[in-house]
Amino acid sequence: MAFDVATLRKEFPTLSRELEGHRLVYLDSAASSQTPVRVLDAMDHYYRWSRSNVHRGVYPLAEEATDLYEGARSSLARFVDADPRGVVFTKNATEACNLVAYSWVRREMHPGEAILTTVMEHHANHVPFTHAANERGLEVRHIPLTSDGQLDLEAAGELLADGRVTFAAIGHVSNVLGTINDVATIADMVRSANPDAMVQVDGAQAVPHLAVSFRDLGVDFYAVTGHKMLGPTGIGALLADPDRLESMEPFLTGGDMIRDVTLEGATWNDVPQKFEAGTPMIAEAAGLAAAVDVLTELGMDAVREHEVALTTRLLDALDAMPSIEVHGPRDPQVRGGAVSFAVDGVHPHDVGAMLGSRGVCVRVGHHCTKPLMRSLGVNATVRASVYVYNDADDLPPLIDGIEAAQAFFAR
Ligand code: PMP
């Protein structure tokens, strides 16, 4: 079941280089993961050998490119257990959320209705909906957190009680706290309060780390991003029911997404092409399909098992240090491998700079979650995040670097 990390690491060129004269220790996969050779090769192969545009060409090379692109859609659909006709390629998770905000929230919601979301959302699953709410005169309600960084579902029940919530935007896994939210249960709660309500889930931090079944979750929209799941930058997806997509107005318009165009207007292509205006990211789709192959071969249960084991060690190591406060749940079973913490008396940027000078890559800042930072009472955190290619050898350089920052900066 388990995979061999030392063998796997050889597939990731960046992991073999040095940084500042040290072995590069990459603990920032929650921001973006490393890229295996297989993904690089898939993209290179398209540009070298199958280079042409998709969908419109009648010559075999164009058919080859189309097969690559549409094959990638089928691969991703299989991986997340969704209907390929309900997989809309976007440039990232942010665009997927905006598609929902423009084609659903702005068009289908009316003053007097409310959006339910949480205080832990990434800006990608927050700003598009508050922006739409402000323009449409919608109320926005926020599920608060419990003291260990989980969603307070009792409070959520109260926020739903009047039946006015017709749309919910919930993150599957927090990029700061690591919390895995029970989105299926929340979707049930939302629909019990209002059977017509729609549920949008931000899966940017979930699909790389957990076995996700879009069908089993029973939500309406699900945002995916490729660059955190070993894939290239520049590709993501929105998952939805194809009939739902059929009923919606397009987000972006132009070439490829039309059935017919007259001087006066246009009619729309079938889904999902209706939502994919212009030449799509063909090489990136090929790269994403290769990333899906790598993750499928590792096995998502094994990916999760590896992450729980390593996160446990990381939390234990941080717990054993003086003056460190970890944000988010302590139980590795209810959280992912993104671990945010504060080092008492040392600014997160100083911790990050000290670690960087020792070859250790962590993220510091607000992590695109300013409302969460405010609710935690901090401006920024240090975040170390682990993935499939990390192992226990990556932890001592992190801990030593934090100790060095404490010795150098703490007053
Ligand atoms: N949601 C979460 C939870 C994230 O961590 C991120 C990436 N930081 C996003 C959404 C946005 O992803 P992208 O930048 O690929 O659109």
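Residues numbered from 1 in each chain as written. Predicted model: local features only at pLDDT ≥ 70, side-chain atom pairs only at ≥ 80, totals over all residues. Heavy atoms only, no water.

**Let's talk about the pattern of salt bridges**
Logical step 1: Under the defined criterion, the tally for this structure stands at 21 salt bridges.
Logical step 2: Across the pair Glu-246 and Arg-85 runs a salt bridge whose closest N-O atoms are separated by 3.7 Å. Here Glu-246 is found in helix 9 (residues 242-247), whereas its partner Arg-85 is found in the loop between helix 3 (60-79) and strand 4 (87-90), with 161 residues between them in sequence.
Logical step 3: By relative accessible area, Arg-85 is classed as partly exposed at 38%.
Logical step 4: Between Glu-139 and Arg-141 there is a salt bridge, with the nearest N and O atoms lying 2.9 Å from each other.
Logical step 5: When its relative accessible area of 8% is taken as the criterion, Arg-141 is described as buried.
Logical step 6: Several salt bridges share partner residues, and in doing so they unite Glu-139, Arg-141, Asp-162 and Arg-164 into one network. (Salt bridge = Lys/Arg side-chain N within 4 Å of Asp/Glu carboxyl O. Helix = DSSP H or I, 4+ residues; strand = E, 2+ residues; numbered from the N terminus. Buried < 20%, exposed > 50% of the residue type's maximum accessible area, 1.4 Å probe, protein only.)

**Quick word on the packing of aromatic side chains**
Any two aromatic rings considered together are summarised by their centre-to-centre distance and by the angle between their planes.
Logical step 1: The full count for this structure, using the stated rule, is 8 aromatic pairs.
Logical step 2: Plain terms: the ring middles of Phe-12 and Tyr-389 are 4.9 Å apart, the flat faces sit at 65° to each other, and that makes the pair edge-to-face. Residue Phe-12 is found in the loop between helix 1 (5-9) and strand 1 (18-19), and its partner Tyr-389 is found in the loop between strand 17 (381-385) and helix 14 (395-409); the two are separated by 377 residues along the sequence.
Logical step 3: Under the relative-accessibility criterion, Phe-12 is labelled buried at 1%.
Logical step 4: According to the relative accessible area criterion, Tyr-389 is buried, its value standing at 0%.
Logical step 5: Ring geometry for Tyr-102 against Phe-251: centres 5.4 Å apart, planes inclined by 25°, an arrangement best described as stacked. A residue pair is termed long-range when its members are at least 10 positions apart, and Tyr-102 in helix 4 (residues 93-108) and Phe-251 in the loop between helix 9 and strand 11 (258-261) qualify at 149 residues. (Phe/Tyr/Trp six-rings, centres within 6.5 Å; stacked < 30°, edge-to-face > 60°.)

**Thoughts on the site of the ligand**
Logical step 1: Around the ligand sit Asn-92, Ala-93, Thr-94, His-122, Ala-124, Asn-175, Asp-202, Ala-204, Gln-205, Thr-225, His-227 and Lys-228, and those are all the residues in its vicinity.
Logical step 2: Contact distances for the ligand include 2.5 Å between a nitrogen atom and a side-chain N or O atom of Asp-202.
Logical step 3: For the ligand, whose free accessible area comes to 390 Å², the fraction covered by protein is 87%.
Logical step 4: Grouping the amino acids of the shell around the ligand by side-chain chemistry returns 3 nonpolar, 7 polar and 2 charged. (Near = heavy atom within 4 Å. Polar contact = N/O pair within 3.5 Å; in protein donor to acceptor, adjacent residues only side chain to side chain. Areas by Shrake-Rupley, 256 points an atom, 1.4 Å probe, with all protein chains shown as cover. Nonpolar A, V, L, I, M, F, W, Y, C, P; charged D, E, K, R; others polar.)

**Some words on the pairing of strand 14 (residues 338-343)**
Logical step 1: With 5 of 6 residues buried, strand 14 is to be regarded as a mostly interior element.
Logical step 2: Across 4 bridges, the pairing between strand 14 and strand 17 is antiparallel. Within strand 17, the residue paired with Val-339 across the bridge is Ala-384. (Pairing = 2+ DSSP bridges.)

**Concerning the sheet that holds strand 13 (residues 324-327)**
Logical step 1: Taken together, 4 strands build an open sheet; the order of strands is 13-14-17-16 and the sheet is antiparallel. Lying at the two open borders of the sheet, with one neighbouring strand each, are strand 13 and strand 16 (363-365). Between one strand and the next, the sheet's axes are offset by a mean angle of 30°, whatever the strand orientation.
Logical step 2: This element, helix 11 (residues 300-319), spans strand 13, strand 14 and strand 17 of the sheet and lies at about 5° to strand 14.
Logical step 3: Relative to strand 14, helix 14 is tilted by about 20°, and along the sheet it contacts strand 13, strand 14 and strand 17. (Axes fitted to C-alpha atoms, helices over the stretch in contact; angles between N-to-C directions. Contact = heavy atoms within 4.5 Å.)

**Some remarks on the sheet that holds strand 8 (residues 198-202)**
Whenever strands of a sheet pair, they do so through backbone hydrogen bonds, lying parallel or antiparallel.
Logical step 1: Ordered in space as 4-10-9-8-7-5-6, the 7 strands form an open sheet in which the pairing is mixed. Two strands close off the open sheet at either side, each with one partner strand: strand 4 and strand 6 (139-143). Adjacent strand axes in the sheet meet at a mean angle of 20°, parallel and antiparallel pairs treated alike.
Logical step 2: Of the pairings in the sheet, the one linking strand 4 to strand 10 (residues 236-240) comprises 4 bridges and is antiparallel in character. Note that in strand 10 the partner of Val-87 across the bridge is Leu-239.
Logical step 3: Against the sheet, helix 4 makes contact with strand 4, strand 5 (114-118), strand 7 (165-171), strand 8, strand 9 (221-225) and strand 10, and its axis sits at roughly 155° relative to strand 9, the strand it touches most.

**What about the packing of helix 11 against helix 14?**
Geometry of a packed helix pair, given as the angle between the helix axes and the separation of the axes.
Logical step 1: At a minimum axis distance of 11 Å, the contact between helix 11 and helix 14 shows a crossing angle of 25°. As far as their axial angle goes, helix 14 and helix 11 are roughly parallel. Between helix 11 and helix 14 the crossing geometry is right-handed. Where helix 11 abuts helix 14, its residues Leu-310, Arg-313, Leu-314, Ala-317 and Leu-318 lie against Leu-395, Leu-398, Ile-399 and Ile-402.
Logical step 2: Each residue belonging to the contact of helix 11 with helix 14 can be placed in one class, and the counts come to 8 nonpolar, no polar and 1 charged. (Parallel < 35°, antiparallel > 145°, perpendicular 65-115°, else oblique. Left-handed = near helix turned anticlockwise from the far one by under 90°.)

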